[in-house]
Amino acid sequence: MTKAEYNNLNDGKKLDLAWFLWNRYIDLNSPSYNQEFHFTVYGSRRLFVNSRDIARRGSELFGLEIIRNIKMEEIPASKELDFPIPTLGKVFDRAKTVIVSHDIPKQRFHWIDFEISVGDTFNNKNSNGYGTCSSWGLGCNNDQFDWTCELPMQYLEPYQ
């Protein structure tokens, strides 16, 4: 699939594609999870967030083999009503604290320069106030640091 082919899809087909890619390659519990693909698309402002056309920013995603080889006739219809990232984010809307549920790989999330283990809890700030968190992450802190750091939502669960 090219960027032009993607941009020509209607909103429903874009939603179907986003969920297909998410469920197959990005969901951490998927048997087909592809870490390289996940790490490359992490922070994408369009493809998994909404149905707006991809302009210049995001064009590089269409050079990825997984997306380049997509055939829309093979993509099943999704029953989801929203894109993956907004859907995932809703889980944390009312959570005051979050718990780390999966190991967070430091090689991709280089800004996390402190030790995090499964079971650690953090305060969900829901915003860092500076606009530096992507829509894929939560602004969090805890008793160890008072500044806000983006933690990737996929590795977290609501705690309270």
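Draft legend 1. The overall build of the chain, seen in detail. When you go through the chain residue by residue, the secondary structure sums to 5 helices and 5 strands. In terms of overall dimensions, the chain is globule-like: its C-alpha atoms have a radius of gyration of 16 Å, near the 15 Å expected for 160 residues. By principal-axis analysis of the C-alpha atoms, the chain measures approximately 50 × 30 × 30 Å. In the chain, buried positions account for 46% of the 160 residues. By sequence separation, contacts in the chain at least 24 residues apart represent 62% of the contacts at least 6 residues apart. Carbon and sulfur atoms provide 46% of the accessible area of the chain, an area that totals close to 9,200 Å². With 18 positive and 21 negative side-chain charges, the chain shows a separation of 7 Å between the mean positions of the two kinds.

Draft legend 2. Local environment of the packing of aromatic side chains. Across all of its chains, the model carries 12 aromatic pairs by this definition. Between Tyr 25 and Phe 37, the aromatic rings sit 5.8 Å apart at their centres with planes inclined by 70°, giving edge-to-face as the arrangement. Highlighted residues: Tyr 25 in helix H2 (residues 11-26) and Phe 37 in helix H3 (residues 35-41), separated in sequence by 12 residues. Exposure remark for Tyr 25: the relative accessible area of 17% places this residue in the buried category. By relative accessible area, which is 4% here, Phe 37 ends up buried. When the ring of Tyr 42 is compared with that of Trp 111, the centres are 6.3 Å apart and the planes differ by 35°; the resulting orientation is tilted. Remark: Trp 111 occurs in the loop between strand E1 (97-100) and strand E2 (121-124) and Tyr 42 occurs in the loop between H3 and helix H4 (65-68); sequence separation between them is 69 residues. Taken together through their ring pairs, the aromatic side chains of Trp 22, Phe 39, Tyr 42, Phe 48, Phe 109, Trp 111, Trp 136 and Tyr 155 make up a single cluster.

Draft legend 3. Main features of the confidence of the model for the chain. For the chain, per-residue confidence averages 89 on the pLDDT scale, and residues scoring 70 or more make up 95% of the total. Mean pLDDT across the secondary structure elements of the chain bottoms out at strand E4 (residues 145-152), with 82, and peaks at H2, with 96.

Draft legend 4. The arrangement of the sheet that holds strand E3 (residues 137-142) in detail. Here we have 5 strands laid out as an open sheet, ordered E4-E3-E2-E1-E5, and antiparallel in their pairing. The open sheet is flanked by E4 and strand E5 (156-158), the only strands paired with a single partner. Across the sheet, the mean angle separating the axes of adjacent strands is 45° when strand polarity is ignored. Sheet topology note: the E1/E2 ladder contains 3 bridges and is antiparallel. Opposite Ile 99, over in E2, you have Thr 121 as the bridge partner.

Draft legend 5. Fine view of the pairing of E4. Here E3 pairs with E4 via 5 bridges, running antiparallel. The residue of E4 that forms the bridge with Gly 139 is Glu 150. Linkage of E3 to E4, two consecutive antiparallel strands, is achieved through a turn of 2 residues.

So, how was this worked out
- Residues numbered from 1 in each chain as written.
- Predicted model: local features only at pLDDT ≥ 70, side-chain atom pairs only at ≥ 80, totals over all residues.
- Heavy atoms only, no water.
- Helix = DSSP H or I, 4+ residues; strand = E, 2+ residues; numbered from the N terminus.
- Rg over C-alpha atoms; globule rule 2.2 N^0.38 Å.
- Buried < 20%, exposed > 50% of the residue type's maximum accessible area, 1.4 Å probe, protein only.
- Contact = heavy atoms within 4.5 Å.
- Areas by Shrake-Rupley, 256 points an atom, 1.4 Å probe, with all protein chains shown as cover.
- Lys, Arg positive; Asp, Glu negative; His and termini not counted.
- Charge placed at Lys NZ, Arg CZ, Asp CG, Glu CD.
- Phe/Tyr/Trp six-rings, centres within 6.5 Å; stacked < 30°, edge-to-face > 60°.
- pLDDT = per-residue confidence, 0-100.
- Pairing = 2+ DSSP bridges.
- Axes fitted to C-alpha atoms, helices over the stretch in contact; angles between N-to-C directions.

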